[in-house]
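Commentary on secondary and tertiary structure
Chain by chain, the residues run as shown.
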Amino acid sequence: MTSESFVSYQVKLRPQSLEMSVEMQITGDVANGKNGELLLELPTWVPGDYSFESYGRDIFSISAEDAGGNELSVERKGLNGYLVKVTDGPVLVKYRASCYEPDLGDAMGIVDSDYAVLMGTRYLFCPGFVGACSVDYAEIPQGWKIHHPSGAKREGNTNKWVYPSFEILLDTPVCFGGFTLLQRTVKDIPFYFVFVDKGIGFDEKVNGFVDQVCLTAEKIHDVFGLFPFSDYTFILSLNPQADWGLEHLTSNMSGIGPEVFVDDGLFATGIRVCAHELFHAWNVRRLRPAPLGQLKHQLCCGSFTEGLWMAEGFTRYYEFLISARAKAYSPDQFFSAIAGYFRHLTQQPAYSRVSVADSSLATYMNHSKYPGRVNNSIDYYDKGMLIAFGLDTRLRSADKQAQYASLDDSFRAFYLQYFGDGTTIPNDYVGYTTKEVIQFYEEAQPGLGSVLAAQLTEPGHIDTDRQLEAIGFEVKWLDTRYLGLFFLNDGAPTIYGVGDDSPAGQAGMAPNDVIQTINGFAFSLKGLEWAASQTAAVELEVLRGHRKLSFQVTPAAFRKMNYLVWKGTAAQAEKINQWLDTAAFKPAAGQRFDLDFYDNFHGIEQMV
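Take the overall build of the protein next. The number of helices and strands found in the protein is 18 helices and 30 strands. By its C-alpha atoms, the protein is 80 × 65 × 50 Å across when sized along the principal axes. Among the 608 residues that make up the protein, the fraction classed as buried is 58%. When the accessible surface of the protein is split by element, carbon and sulfur atoms take 48% of a total near 23900 Å². Charge centroids of the protein, computed over 50 positive and 73 negative side chains, lie 3 Å from each other.

Quick look at the structure:
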């Protein structure tokens, strides 16, 4: 006789110890396990966070008992799993979890002394049953509020919610505490802003920030023609330790930094962070590359797809485009960012060695920056962004016979064709394939699919420079010299990467070497840049671990994009105004556009 399976959780918050306790009640057939053993696991990865993590390390004091209160044996199984020896009937599992790690809060949730965000990542689940489940948030500190994004059904006025599946529980961050909650309405849809903490300038600037984020929501709606949710929540932290940026089905968790309200550049970056994660509500949380549509079967083994160039790369393109349309960035900054991504991508030796499809398949190895990656790994975000820009320019430059006039039009059509206009993800949903994307754009504009196929499956093939010229710019190049040393963000004098085919690579310099002197003088980045631009050999003394080493490096010739000059027509300028939803682009003939704006969430890799 079969019995319907169900899993219910009871959660108690312990903010004074930064912990939570969980009681997991397993009923129905699933409680019987297999051959007397019931496997419980935590996910080893969270969709959108492309890395394997030991999420189970914070769980402790785990025990299990049967319906009669008899203790059951519990043993560790693999990285994040436990094996319970079962007999018959319901099983009650109890455990505690340490929940304070701000850096991974967007993937694991967090319990702070003043607030908490709970996620399914800390709930053990049965891999053999990922259906409906419930969570009773039973013990909440006095005075704490609750904000629950849509996706689950609340039982009356209780603090218990029923989730359609464990995947939805995993995809729903629930907020508790003394947070600040702001609400806006965009095209009849409620948008909530949960600020779990504050920073300098919060009271003076937060409403302006929220209003501008809502403008990005409106602009994204214009792209797709719909909102695929009944409400949406931004969960935001200003804590510098909260390196958050993770999308969910009807919400996202984003870290916007402590100076977002006192620095105009960081204010714009905060808008862009929110635009990126919101765009994911369409692109990757619903429209997914195969096999990401089958996440419920891959929570403990990872999901390997070659399609992240669209899921993440197109989203990166639109984070800048939507931010420009929402007036967070000027047209000059938009085109400077495009050129900056082209310069930073193509200067890496890996650009001519690694395809973007392969980079996507290797995401669990290459998503995080590491020493030496400039030679063997590219960022599918970056190349995907430039692919999107190239598609957009080609469609916008095509004659009137083209099926779609822009990437907006084509991407909306692709979304509707390969996901639909509903909000529910079908049980049999697998996702689109690269072959289907290529075919779609070949039908949209003959020849475009062939261009796309080369860009996706082969190294190189990005022609951002020619596309800039196609829309009215002249690209000006600078013939200079280089050493082939890469620095990450403000990490100089520590070397992040060395191009293996560069003068520095041929001389034997290595990642993590720390430059001490340049031609006998103390290191300065400007001094290194000057020496690299000359023809004479440069003597570099470095510290490699406990050794001092000296290298003679002769700069080699190098050509890079320097600036843009407007050579276009008034009609081309007007097309750009329509593209960026602005009236501010009014360049004079011969006007120079400097390429001094560039920003990248994943870090800025500067080559000298």
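From this point, the discussion proceeds with the structure in view.
Taken together, the side chains of Phe 52, Phe 304 and Leu 361 make up a nonpolar region of the molecular surface, amounting to roughly 270 Å² of accessible area. Mapping Phe 52 onto the fold places it in the loop between strand E3 (37–41) and strand E4 (59–66).

Where helix H3 (residues 202–224) meets helix H6 (residues 313–325), the closest approach of the two axes is 9 Å, and the angle between their N-to-C directions is 115°. For H3 against H6, the interelement crossing comes out right-handed. Packed against H3, whose contacting residues are Thr 216, Lys 219, Ile 220 and Val 223, the element H6 presents Tyr 318, Ile 322 and Arg 325 at the interface. Each residue belonging to the contact of H3 with H6 can be placed in one class, and the counts come to 4 nonpolar, 1 polar and 2 charged.

Moving on, we get to the pairing of strand E2 (residues 19–27). Relative to E2, strand E1 (residues 6–14) runs antiparallel, the two sharing 9 bridges. Along E2, the bridge assignment pairs Ser 8 with Gln 25. Where E2 lies against strand E8 (residues 91–98), 8 bridges are found, and the strand directions are antiparallel. Counted as the bridge partner of Val 22 is Tyr 95 from E8.

What follows is about the nonpolar core. Ranked by size, the top nonpolar core spans 111 residues in total, and within it Phe 191, Phe 195, Phe 209, Tyr 317 and Tyr 441 carry the most contacts. Residue contributions to this core peak at 10 residues, all from H3. Val 22, Val 30, Leu 38 and Val 84 belong to the second largest nonpolar core, which has 47 residues in total.

For the bond running from Ala 290 to Pro 291, omega is 0°, close enough to zero to count as cis. Between Ala 492 and Pro 493 the backbone carries a cis peptide bond, its omega angle lying at 15°. On the secondary structure map, Pro 493 appears in the loop between strand E22 (485–488) and strand E23 (497–498). Positive phi values are uncommon outside glycine, yet Asn 512 reaches one of about 75°.

Turning to helix H12 (residues 407–418), a few remarks are in order. The end-to-end C-alpha distance of H12, which contains 12 residues, comes to 16 Å, matching closely the 16 Å that a straight helix rising 1.5 Å per residue would cover. Leu 407, Asp 408, Ser 410, Phe 411, Ala 413, Phe 414 and Tyr 415 are the residues of H12 that are buried. Here the buried face of H12 lies against H3, helix H4 (264–279), helix H5 (308–311), H6, helix H11 (380–397) and helix H13 (434–444). If you check the start of H12, you find a side-chain oxygen 3.3 Å away from the backbone N of Asp 408, and it comes from Ser 406.

By the element assignment, Ile 220 lies in helix H3. C-alpha of Ile 220 to C-alpha of Ala 290: the two residues are 70 residues apart in sequence and 24 Å apart in space. Beyond its immediate chain neighbours, meaning those up to four positions away, Ile 220 contacts Ala 275, Leu 278, Phe 279, Trp 282 and Ile 322.

Scanning the entire structure with this criterion turns up 28 salt bridges. The closest approach of N and O atoms between Arg 592 and Asp 594, which form a salt bridge, is 2.6 Å. Given a relative accessible area of 48%, Arg 592 falls into the partly exposed group. By relative accessible area, which is 40% here, Asp 594 ends up partly exposed. Through salt bridges with shared partners, a single ionic network connects Arg 325, Asp 392, Arg 396 and Asp 408.

In the structure shown here, the tally under the stated rule is 58 aromatic pairs. Taking 5.9 Å as the distance between ring centres and 40° as the angle between the ring planes, the aromatic pair formed by Phe 191 and Tyr 232 counts as tilted. On the criterion of sequence distance, the pair formed by Phe 191 in strand E17 (residues 189–195) and Tyr 232 in strand E18 (residues 232–237) is long-range, its members being 41 residues apart. Accessibility assignment for this pair places Phe 191 and Tyr 232 in one class, buried. Taking the centre distance of 5.8 Å and the plane angle of 75° together, the rings of Phe 202 and Phe 261 count as edge-to-face. Separated by 59 residues along the polypeptide, Phe 202 in helix H3 and Phe 261 in the loop between strand E20 (251–255) and H4 bring together distant segments of the chain. Accessibility expressed as a relative area gives 4% for Phe 202, which makes it buried. Stacked on the ring of Tyr 563, the Lys or Arg Arg 592 has its end atom at 3.8 Å from the ring centre.

For the rest of this paragraph, the subject is the sheet that holds strand E26 (residues 538–544). Sheet architecture is open: 4 strands sit in the order E25-E24-E26-E27, paired in antiparallel fashion. Across the chains shown, the open sheet's two edge strands, defined by having one partner strand only, are strand E25 (521–522) and strand E27 (547–553). Of the pairings in the sheet, the one linking E26 to E27 comprises 7 bridges and is antiparallel in character. Note that in E27 the partner of Glu 539 across the bridge is Gln 552.

The rules behind the values
- Residues numbered from 1 in each chain as written.
- Predicted model: local features only at pLDDT ≥ 70, side-chain atom pairs only at ≥ 80, totals over all residues.
- Heavy atoms only, no water.
- Helix = DSSP H or I, 4+ residues; strand = E, 2+ residues; numbered from the N terminus.
- Buried < 20%, exposed > 50% of the residue type's maximum accessible area, 1.4 Å probe, protein only.
- Areas by Shrake-Rupley, 256 points an atom, 1.4 Å probe, with all protein chains shown as cover.
- Lys, Arg positive; Asp, Glu negative; His and termini not counted.
- Charge placed at Lys NZ, Arg CZ, Asp CG, Glu CD.
- Patch = residues over 30% accessible without salt bridge, like charges linked within 9 Å, V, L, I, M, F, W, Y side chains within 5 Å.
- Salt bridge = Lys/Arg side-chain N within 4 Å of Asp/Glu carboxyl O.
- Axes fitted to C-alpha atoms, helices over the stretch in contact; angles between N-to-C directions.
- Left-handed = near helix turned anticlockwise from the far one by under 90°.
- Contact = heavy atoms within 4.5 Å.
- Nonpolar A, V, L, I, M, F, W, Y, C, P; charged D, E, K, R; others polar.
- Pairing = 2+ DSSP bridges.
- Core = buried A, V, L, I, M, F, W, Y, C linked by side-chain atoms within 4.5 Å.
- Expected span 1.5 Å × (residues − 1).
- Polar contact = N/O pair within 3.5 Å; in protein donor to acceptor, adjacent residues only side chain to side chain.
- Phe/Tyr/Trp six-rings, centres within 6.5 Å; stacked < 30°, edge-to-face > 60°.
- Lys NZ or Arg CZ within 6 Å of the ring centre and 35° of its normal.

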